[in-house]
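Reading the structure
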Amino acid sequence: MYELLFTINESPPSWLLATSKRLLFVTEISFLGLYKIDWEILYEELKEEPIIKINTNQIQILTKEPKTTGTIGSHQSFGKLVKFITLDSIRC
């Protein structure tokens, strides 16, 4: 179920779409109305709620670390940093 649409870019048109189960990053690939899903993240994969950084026009989305199979752990962050145009681009 569709919850929120957030315009990220106008050229090419792209959106961050929130549904009842996941976040999707969608890009228009043709003026004929063709779209592609660049990535999607299930809410259960999120480490915390996404953070909107108004001063830098960014949304920080952190995901849980994948399970490691080796003995050496990693300290890197997992997730996405999405740059948006303005907060006026939010549609519910």
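How each quantity is defined
Residues numbered from 1 in each chain as written. Predicted model: local features only at pLDDT ≥ 70, side-chain atom pairs only at ≥ 80, totals over all residues. Heavy atoms only, no water. Pairing = 2+ DSSP bridges. Helix = DSSP H or I, 4+ residues; strand = E, 2+ residues; numbered from the N terminus. Axes fitted to C-alpha atoms, helices over the stretch in contact; angles between N-to-C directions. Contact = heavy atoms within 4.5 Å. pLDDT = per-residue confidence, 0-100. Core = buried A, V, L, I, M, F, W, Y, C linked by side-chain atoms within 4.5 Å. Buried < 20%, exposed > 50% of the residue type's maximum accessible area, 1.4 Å probe, protein only. Polar contact = N/O pair within 3.5 Å; in protein donor to acceptor, adjacent residues only side chain to side chain.

**What to know about the sheet that holds strand β5 (residues 51-53)**
Across the sheet, which stays open at both edges, the three strands sit in the order β5-β6-β7 with antiparallel pairing between neighbours. With partners counted over all chains shown, the strands left at the sheet margins are β5 and β7 (79-83), one partner each. Pairs of neighbouring strands in the sheet enclose a mean axial angle of 20 degrees, with direction left out of account.

**A few points about the pairing of strand β3 (residues 22-30)**
Relative to β3, strand β2 (residues 13-19) is paired through five bridges, and the arrangement is antiparallel. Each residue of the ladder has a partner; that of S14, found in β3, is T27. In textbook terms, the turn of a hairpin is the stretch between consecutive antiparallel strands, and for β2 and β3 this stretch comprises two residues. Taken together, the eight bridges between β3 and strand β4 (residues 34-42) define a ladder with antiparallel strand orientation. Bridged to S30 within β4 is L34.

**Some details on the environment of L62**
When you line up the elements, L62 lands in strand β6 (residues 58-62). Apart from residues no more than four positions distant in its own chain, L62 is found in contact with L46, K47, E48, F78 and G79.

**Description of the confidence of the model for the chain**
Detailed reading of the predicted coordinates is not advisable wherever pLDDT is low. Overall, the predicted model of the chain reaches an average pLDDT of 83, with 79% of residues at or above 70. Within the chain, strand β8 (residues 90-91) has the poorest average pLDDT of any element, 56, and β4 the best, 95.

**Points about the nonpolar core**
F6, I8, L16, W39, I59, I61 and V82 are the most contacted members of the largest nonpolar core, which has 13 residues in total. Listing elements by their share of this core, those giving two or more residues are β1 (2-10), β2, β3, β4 and β6.

**As for the side chain of Q58**
Inspection of the secondary structure assignment puts Q58 in strand β6. Polar side-chain contacts of Q58 include one of 3.2 Å to the side chain of T56. Beyond its immediate sequence surroundings of up to four residues, Q58 is in contact with I51, I52, K53, L81, V82, K83 and F84.

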